[in-house]
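A structural walkthrough
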Amino acid sequence: MKTLILGAGYAGLAAATKLKPTPGLEALLVEQNAYHTFETRLHEAAAHNTRVTLPLIPLLRGTGVNLEQAQVDSVNLDEREVLLKDGRVLTYDTLVVGLGSVTNFYRIPGLAENAAELKDVADADEIFTFVNRAYSGDYVGNRDIVVGGAGLTGVELVTELAQRAEVLSKARGLPPFQIHLVEAGPKILPVLDDALRAKAQRTLEGYGINVLTGHRLMQATADSVTVQTADGEQKVIPAGKIIWTGGIQARDIVRGEKLEKGPGGRIAVDAELRAKGYPDVFVIGDMGLALNQEGKPVPTTAQHAGQQGRLTGKNLMHLAKGQPLEAYEPTTLGEFVSLGGLMAVGWMKLPWNQKLAITGGIAHVMKRASEWRWRASID
């Protein structure tokens with residue numbers, strides 16, 4: 001069974017590292033980078049140049065999976081072909097699509113052209129370079145930063161940037177730059193309950209971050225954004241750097257006559273995470289539209305991507321052995337948001353569907369523990 005695994009993000013890498021050498025199973029991981037990126041820690045790389053990658057080759061030892069470093073251009077499910085950017089065509093018996101997502105700029109004028117993203121290491125490097133340049137003695141121009149989107153990524157990024165600005169201000173005798181966090185919705189961090197959200201809000205305000213909820217970003221230029229309040233009032237915010245974390249959408253590179261897509265371009269999958277109409281194609285992570293026990297879309301988070309990848313790895317081995325597949329049963333173990341340094345807020349799942357709210361240093365440890373669990377699962 002010739003199997004291609006596309007992408008070494010949380011989902012694809014979990015599938016690949018779950019595999020063991022199995023008679024009849026020939027697996028190839030196709031990934032454009034020679035490393036896996038901890039996307040949930042890119043905010044640390046952007047502010048502090050923290051290393052957030054792991055080389056792939058050591059992780060694949062003992063799996064029977066080979067690595068092909070290449071970029072996928074398109075996938076034709078009807079022809080069972082994967083076209084690479086270098087012009088080569090790969091064929092398969094079984095396919096795993098875990099190519100992740102791209103930033104959704106929602107057609108806001110000027111945003112894609114003028115805003116940085118935070119999707120990979122190069123994006124983090126760009127932000128880190130600006131922050132250092134803004135604190136150099138010869139920098140001329142606006143030093144302020146506008147971050148669009150007050151979800152997990154946006155909030156974690158602005159708190160780390162505020163901490164970095166404080167350190168650089170003391171070291172170089174310059175005032176901190178102003179950070180504006182712009183959110184169209186009425187509140188930050190909609191994944192959290194009101195008490196935890198209020199704690200996070202106070203932390204942001206303590207950093208001096210200008211939190212603008214209920215402000216829709218209308219357009220961007222090279223050095224400013226225009227925002228609009230719910231009552232229609234518009235104002236221009238000058239900025240030296242604009243960063244957009246306000247949304248994602250599935251990569252639009254998979255084609256198939258029977259393909260079904262849902263919100264955000266995510267591909268509808270069955271109970272075993274196979275694309276509907278294509279029983280030999282698993283779609284996992286941000287690209288797949290898996291449903292939970294209540295029939296609602298599973299969130300596009302690292303923990304769910306990892307769960308889907310591990311199950312798919314097991315199911316690939318089941319297929320090779322002629323055994324029945326296991327159905328996907330998502331579970332959310334908790335959600336933690338880093339607020340800079342040793343500060344975090346979040347909750348963890350308890351028995352009988354209860355939740356335990358945690359804040360401060362203990363929450364920081366719990367967030368780190370989730371990352372350690374991920375690291376252990378792929379070793």
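Data block above holds the structure.
Below you will find a few notes about this structure. Predicted model, so just to flag it, every value in this text is computed and none were measured.

Before going further, it helps to examine the packing of aromatic side chains. Two aromatic rings, taken as a pair, are described by how far apart their centres are and by the angle between their planes. Evaluated as defined, the whole model comprises four aromatic pairs. Aromatic pair tyrosine 106 and tryptophan 244: ring centres 6.5 Å apart, planes at 80°, arrangement edge-to-face. Of this pair, tyrosine 106 sits in the loop between strand E10 (101–103) and helix H4 (111–114) while tryptophan 244 sits in strand E17 (residues 241–244), and the two are 138 residues apart along the sequence. Judged by relative accessible area, tryptophan 244 falls into the buried class, the value being 9%. Taking NZ or CZ as reference, arginine 143 lies 4.5 Å from the ring centre of tyrosine 135, over its face. The lysine or arginine in question, lysine 258, covers the ring of tyrosine 278, its NZ or CZ lying 4.9 Å from the ring centre.

Spatially, E14-E15-E16 is the arrangement adopted by the three strands of the open sheet, whose pairing is antiparallel. Since the sheet does not close on itself, it has two edges, and those belong to strand E14 (215–221) and strand E16 (234–238), each with one partner. Sheet twist, expressed as the average angle between the axes of neighbouring strands with direction ignored, equals 25°. With six bridges joining them, E14 and strand E15 (residues 224–229) adopt antiparallel strand pairing. Following the sheet pairing, leucine 217 is matched in E15 by valine 227.

Taken in spatial order, the five strands make up an open sheet running E5-E2-E1-E9-E21, and their pairing is parallel. This sheet does not close on itself; its edge strands, each paired only once, are strand E5 (65–69) and strand E21 (281–283). Direction aside, the axes of adjacent strands within the sheet are offset by 20° on average.

The probe, sized like a water molecule, is rolled over the atoms to show the empty space still left. What the second largest pocket holds in volume is close to 510 Å³. Lining the second largest pocket are 18 residues, with Asn292, His304, Thr331, Thr332 and Trp347 sitting closest to its centre. Of all elements in the fold, only strand E24 (344–350) and strand E25 (354–359) reach the threshold of two or more residues within the lining of the second largest pocket. Taken together, the residues of the lining of the second largest pocket sort by class into six nonpolar, eight polar and four charged.

So, about the nonpolar core. Membership of the largest hydrophobic core comes to 97 residues, with the highest contact counts inside it found for Leu6, Val82 and Leu95. The greatest single-element share of this core, amounting to seven residues, is contributed by helix H6 (residues 152–172). In contact with leucine 6, not counting residues within four places along its chain, are Val30, Val72, Val75, Val82, Leu95, Val96, Val97, Gly98 and Leu99.

Another point: the environment of threonine 300. Here threonine 300 lies in the loop between strand E22 (288–289) and helix H8 (302–321). Taking relative accessible area as the criterion, threonine 300 reaches 33% and is therefore assigned partly exposed. Sequence separation between threonine 300 and leucine 83 is 217 residues, and the spatial gap between their C-alpha atoms is 26 Å.

Parameters and conventions
- Numbering of residues starts from 1 in every chain and runs along the sequence as written.
- Local features in a predicted model are, by the rule used here, given only for residues with pLDDT of at least 70; side-chain atom pairs are given and counted only at 80 or more, and totals for whole chains, interfaces and linings are based on all residues.
- Processing note: side-chain calculations cover all non-hydrogen atoms of the structure and skip hydrogens and water entirely.
- In summary, the pairing rule links any two rings of Phe, Tyr or Trp, Trp by its six-membered ring, whose centres are within 6.5 Å, and it sorts them by plane angle into stacked for under 30 degrees, edge-to-face for over 60 and tilted for everything else.
- Under the scheme used here, helices are H or I runs from DSSP no shorter than 4 residues and strands are E runs no shorter than 2 residues, and both carry numbers assigned from the N terminus.
- Relative accessible area decides the class of each residue, using a 1.4 Å probe on protein chains only: under 20% of the type maximum gives buried, over 50% gives exposed, and in between gives partly exposed.
- By the criterion adopted, a ring carries a charge over it if an Arg CZ or a Lys NZ lies within 6 Å of its centre and within 35 degrees of its normal.
- The criterion for strand pairing is that DSSP finds at least two bridges linking the strands in question.
- Between N-to-C directions, angles span 0 to 180 degrees; the directions come from axes that are lines fitted to C-alpha atoms, helices contributing only their stretch in contact.
- Using a 1 Å grid laid over the protein atoms alone, points where a 1.4 Å probe fits but cannot get out form a cavity; open sets with protein on both sides within 12 Å along at least 5 of 7 lines form a pocket; any residue with an atom within 4 Å of a point counts as lining.
- Grid points are joined across faces, edges and corners, and a volume is the space filled by probe spheres set on the points.
- Residue classes follow a fixed rule: Ala, Val, Leu, Ile, Met, Phe, Trp, Tyr, Cys and Pro count as nonpolar, while Asp, Glu, Lys and Arg count as charged, and any other residue, Gly among them, counts as polar.
- We define the nonpolar core as a collection of buried residues of types Ala, Val, Leu, Ile, Met, Phe, Trp, Tyr and Cys that are connected through side-chain atoms lying within 4.5 Å of one another.
- Here, two residues are considered to be in contact whenever any of their heavy atoms come within 4.5 Å of each other.

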